[in-house]
Every structure is written in C-alpha cells, then in structure tokens.
Amino acid sequence: MTKTKMAGIAFAILAAGSLVSASARAQDYKIGYITDLSGPLAGSYTPTWQGFELYIKALNDRGGINGHKIVVSIDDDGLRADRAVAAAKKQVESNEVLGIFGLSLSSTQAPVIAEMQKVGVPLVSTFSAILAALPPAKANYYSTGVMFEVAGEAIGTFSKKVAPSGKVVGMTFDSVGGRAAILHNKLAVEKEGYTWGEVLFPVRTADFTPFAQTAAEMKPAMVVGHYGAEQNIGIIAALRGTGYTGPYVIASYGASEDTVKQAAAQAGSGDNLYMISRYAVPTDDAPGMADLIAAAKKYGVVNPTSMHVTGWVLGMFAEEALKKCGANCTRESLDKAIQGVKLDTKGLTGGSIEMSAGNHYGPTYWRLYHWEKDKLVGVGDWLKETDLAFPTN
Amino acid sequence: MELFVSILALGSIYALLAGGIVIVYKASRVVNFAHGELAIVGAYVFHSAGFLTGATLTGPSLLVTIAISAAGSTLFGVVIYLSLMRRLLGRPTFVAAMVTIGLAIILKAGIVVIWQSRSVGIAIGRQPLYSFAGGGRIAWIDLVSIVACVLMFAALAVFFQYTPLGRQFRGAAENPLLAAQRQVNVNLILALAWVLAVFSATLAGVLFGSRSMLSPQSTIIGLSGLTAALVGGLDSLRGAALGGFLVAAATYLTARLISPTLAETVPFLILLVVMTWRPWGLFGTLEELNRV
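A brief look at the structure comes next.

The rules behind these values
- Residue indices follow the written sequence of each chain, beginning from 1 at its first position.
- Chain A is the first chain written and ligand 1 is the first ligand written, with later ones labelled in order.
- This being a predicted model, a pLDDT of at least 70 is required before a residue's local features are given, and a value of 80 or more before pairs of side-chain atoms are given or counted; all residues contribute to the totals for chains, interfaces and linings.
- For the purposes of this entry, the term helix denotes a DSSP run of H or I that reaches at least four residues, the term strand denotes a run of E that reaches at least two, and both are numbered from the N terminus.
- For the purpose of contact definition, each residue receives a C-beta atom placed from its backbone, and two residues are in contact when these atoms lie within 7 Å.
- Between the first and last residue of a helix there are one fewer steps than residues, each counted as 1.5 Å, and that sum is the expected span.
- Here the C-beta atoms are placed from the backbone, and a residue counts as buried if at least 20 other C-beta atoms lie within 10 Å of its own, exposed if 12 or fewer do, and partly exposed otherwise.
- The arc in question is traced by the directions running from the helix axis to the C-beta atoms.
- Under the convention adopted here, Pro, Cys and the residues Ala, Val, Leu, Ile, Met, Phe, Trp and Tyr are nonpolar, Asp, Glu, Lys and Arg are charged, and Gly plus all remaining residues are polar.
- Note on pairing: DSSP must find at least two bridges between two strands before they are called paired.

**Regarding the environment of Y227 of chain A**
On the secondary structure map, Y227 of chain A appears in the loop between β8 (222-226) and α8 (229-241). Setting aside residues no more than four positions away along its own chain, Y227 of chain A makes contact with T172, F173, G178, N232 and Y253 of chain A.

**Things to note about helix α3 (residues 81-93) of chain A**
All names here are of chain A. Under the 1.5 Å per step criterion, the end-to-end length of α3 is 18 Å for 13 residues, consistent within 8% with the ideal 18 Å. When we look at burial in α3, the residues that qualify are A84, V85, A87, A88, Q91 and V92. Looking straight down α3, one finds that the buried residues subtend no more than 165° of arc, so they occupy a single side. Away from the buried face of α3 by more than 90 degrees, exposed residues D82 and E93 are located. Those residues of α3 that are buried are in contact with β1 (29-35), β2 (70-76), β3 (100-102) and α4 (106-119).

**Some details on the environment of D82 of chain A**
For D82 of chain A, the position within the fold is in helix α3. D82 of chain A sits 29 residues away from P111 of chain A along the chain, and the two C-alpha atoms are 8.2 Å apart.

**Comments concerning the interface of chain B and chain A**
The interface of chain B with chain A comprises 34 residues on the first partner and 35 residues on the second. Listed by contribution, the elements that provide at least two residues to the side of chain B that touches chain A are α1 (2-28), β2 (137-139) and α10 (237-258) of chain B. Of the residues forming the side of chain B that touches chain A, the biggest block, 4 residues, is contributed by α10 of chain B. Considering only residue class, the side of chain B that touches chain A consists of 13 nonpolar, 15 polar and 6 charged.

**Overview of the pairing of strand β10 (residues 273-277) of chain A**
Residue and element names in this part refer to chain A. Of all the 5 residues making up β10, 5 are buried; the element is thus mostly covered by neighbouring parts of the structure. The alternating pattern of β10 places L273, M275 and S277 on one face and Y274 and I276 on the opposite face, and all of these are buried. The pairing of strand β9 (residues 248-251) with β10 spans 4 bridges and is classified as parallel. Of the residues in β10, the one forming a bridge with A251 is I276. Bridge analysis of β10 against strand β13 (residues 364-372) gives 4 bridges, and the strand direction is antiparallel. In the sheet register, Y274 faces β13, and the bridge partner there is H370.

Given below as structure tokens:
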C-alpha cells in the first residue's frame, strides 16, 4: 500500500471519528458522548447514540443555539470501565468538552464520575442511571434515563394491570443492576399482595432454556425480565417453549418494540407480551415523536425505535442545558445550568424532565405497553415516580 | 423427559461445534479459537439470506436459504484456508492458533459493523412437537438438532472410513510429509478440513439461533464447543460428540438442580478435572498430545 493511500485511509478514519470536530470554531459548544458501540450491549446503545446524533444534526441545521453550533466528540467504551475513563479524559483534555453525555452501563460510570468530579465536568447519563443522581445527589452527575431501582418499583405498581394475583417471577442476569432491579421489583409486588420467585443466571449466558424451565416450574402468574434486548428475545422464546403462555413483562433496559417484535417472531406468538417504558414508542401520537420521525426520514435513519427516542430526548436535554448556560458557557456554568433545566419533551416522556441542585434525576414517568398484533399500545396513563419507596440496600 | 431432550438438543449443537474444532486440529494441529465466531457469523448470514428469500422461512424459501448458507460456508472455509492458513504451513502451530484469535476478533467486529449488533432470532422449528401432561414441551428444533448431529457425525464417519479422500485425509493427518510424498494433495485435505469445520460451525450456529437467539455475545458458544473438544480429546470425533453432551448435561443439571448462576462455571470445572487427570482428553491419544 502506498504512503498516499495509507494517509488517505488515516484521514478518512480521523474525519469519521467525530461529527465536525475538525471544523469546530471557538464559539461552538463542544460536548462529548461516550457509549458502548462495539461491546455486549452495542445493540441497545447504538440506536440511542443515533437518536442523540440525529437531534444534534437537526439542531445544527436549524442554526444551532443562537447561532452557535454543537460539536460532539463520540467515543466507544466497549462496555469497559477503563476505556470509558480513558475516553472521558481524552475528551476533556484534547477535545475540550464542556460536558459529557450518554455513558453506558452502570458498571462503567462510577470511575468516570470520580475522574470528572476532579475536573468539574458535568456528566449526563441516559441508560442506565445510577443512584448517585438521587437526593442527596453527587456533584456533576445527572441522568435523564432508566434507573434499575426505580424501574423495578414501577413494574411492581403496574402488576395489577397484568395479572390480578399469584406469583410474580423476576428474572435477571447476575449483576449489580439486575439484583437492584429484582430487589425493588420484589418489594413492590409483595406490597401489592403477590408472592415472589426469582431466577438469576450468569451474565454471559447464551442458551436460556434451563433458566426458563426453572421459571416455568414456579407456576408464575407473570414473569418479569430485567435485562437487555438479547436476553429478552432468548428468554421469551425459551419460556414459550416450556409451554408457559402467561404474561411476560419486558423492563425497558435497552429493549424496544423491535425487541418485542423479534421475541414474538422467535416465540411463534406475541400474545401476552408487555413492555414498561420510560419513553414513548414511535407509534405513540406525540408532537415530539413527529419531529423525531421527520428528522429520521430526512437524515436516513431507518425504523427509529424507543431507543432512538431515548437518545433524542437526551439531545433535547443537552440543547436546553446549553441554552441556559449561554454564549460564554464553561464547565462550571453548564453544571449550574443543568440544575435548573425543566424540559418539556413534547410527549416523549410522561412529563417534564426536571433537575434541581439536590436532585439530579427528578421525577420519572413510566408507561405499560401491550403488544397487539404488530405494535405496542399503551395501557392506561403514565405513572409518576418521585422517589424510591424502598431502601436501596 | 423435557430436561433430557433439552440436554440432547443443546449437546448436539456443542458436539457439532466440537466436531469442527477436532477436524481442523486433526488435519493441521491448529486449535481454532474462532469457531464460535464462525458459527454465529454463519447464523447471521443464514438470517440475512432468509430475509432475501422470503419473510417466512418455510418450504422453498427455507431450502434456498439453506443452499445459500451451505454454499457460503463452503466458500468461506476455502477463503480462510487460502488467505490465512496456507501461508502459515510449516510455521509453529501456535502462530496459526494466534491467527485464529485475530480472525475471531475480526469476525465479531463484522457482526457489529454489518448487523449493527442487533439481536435476532431464526424463527424456524419453534412449534411444539410434543407436550407433556405435567407441563413442558419439546419443539421441532430440538428434534432437528439431534437428527442433524447424528447425520453429520455419521456422514463424517463414513467419509473417513470408506472413501478414498477420507482415507487420504487420515493419512495426511497422521503424517503430512509422508502423505505428500505419496502424491496426496495435502493442500486439498487442509482446505477440506476448513470447509467441513466452517460448515459444521454454521450448522451449529443456525440450530443455536433457532432455539435461542443471536447477538455478538452468542459467540460465547465457541467456548462451550472448545471445552467439549478438550474434554473429549482434540483428535477424536467420538470424543467431540461425548464432550458436547457432557458439557450440555453439566450446564443444564447445574442450572436446574444446584444454582442457575453456577451453570456456566461447572463445565469448566469438569474441564479442569479432565485436563489434570487425563490431559489428552477422554478419547484423545497421548501420542497426539506429545506432538503438540
């Protein structure tokens, strides 16, 4: 290969590495985005990033924020904490970002928070959120997304709409987040008068049959899956393979209507499948959804899902925070600005996303969806969760 | 009974994986660490081919999909041999083993780039074949997995025992230099080994994707296949079959009777015990181990 060709390839790679970093001007807002684009949960995080990227592209094409464009540096952590920390340091030191958005699973976040607190860089996660965002919130860390503990409790509250009584079986892989979700789900359903059973399996499980068989033998009135898209597809097919035809609830940890569709196809039936979501789904009628779908069409994003919605809402949040921060935005002033954000998501969540000095998560809204033929249909209204009902340990 | 059938079905898939690893090892003394990736990439190709031939994989569209996948895996086996493994002939076998690790990384990256890490299932054979009175069912795919495994191993046994090419394969595996001197086309034998390995990996991947689902993480089944091959003996097809069923039984019985969270650990415990007690595996030969 000639030197010219190699240089050409290297240039192309560098050019693709960030949205427009090479052409960043002094007055542009520089922000970072870190997520898992190649690791085990890339299937969930990639559409979330695409949703965020889509919002920023559309915003920049509208002229940015008061004429200032937003420049995003994107880095892939592969779901590894060491890579996430290295990416955050690089973005702060080389890309000179004001704040970092996105982030991947909870296990990668704590070391990034520790490093960013040293330099006062605000972090806004989406999926997943960790307890550091709840009151008394830790400095510099915020989340607009799904927190396992809160989701677990919301699912407990929704149980009556799925099965009136009996045993609820929670399934998860053996992880900190999974155990947290299961614990809060258990406490919430027991409070509602259900009995509880649970099946934990190794994180790196590929064949789910024995775990589904164990769950089915518990004779559940409903099964709740606390894991990502791929586990849901495998478990639902395996559960239906055991002859269990009862309700199955997908917790929205990286799962979307695409997950339900795949699971229904693999299981041979979409009957009795539910999903609980923090965000609206593309078939919902909301002004924000119309904006998203129009942008997706314009920029060539095919079949946006609720994971795209997740990223899009984070983009809305970033715009609002930067707008509040003003033209001479610094890391410190952005951090303060975020604490004052009250974002109307135009129907993409059940209510506004609100931050304050002491609460970096705010109230969250959850909705139960039922799979009907080929789409998710909302069951009743959004449920507002303002605080955890049960202790965290 | 449901548990027994599940073990047989998963064991069949692991046996197919182990069989592919053994074939390559027998022919070239190379341990193929990319076997799980080959299986899952093959299954993703099958899934994509299925979309091209028809939304529902039934009848003619299923047959065309199978034909495309079989042809694709055969071609890919030849490409791997010609582009990578042939260049390493005469080099220490650990170099080739390292190359298979590189191949595994590239194939996994391919899943990320081409299929965007999407989790997909292959929706064939999930219909119940038999329902037990006390609950539990056997699906068609369970039966298909077992039958496919039996047919594959029977075909390999016939090929190696009764065909001229199979006998040449065994001769080349035994002593490549002598075989070459006797006009055996060793390159053809080695290419054939990779073709058979990629084909069996693809078959295993498709069967696995039909009973579970596919994602980049699914490549972990390669580790189960390797464990099965090591437990059975790296140079024994009979050992590969037994190893596959042992690993599946250990996984299922641990999950159901001891603790689900230990299910993936116990097969490796068995591997440690076998490797300590009989490093050449249950049916492997000591001579082969010494050669390595």
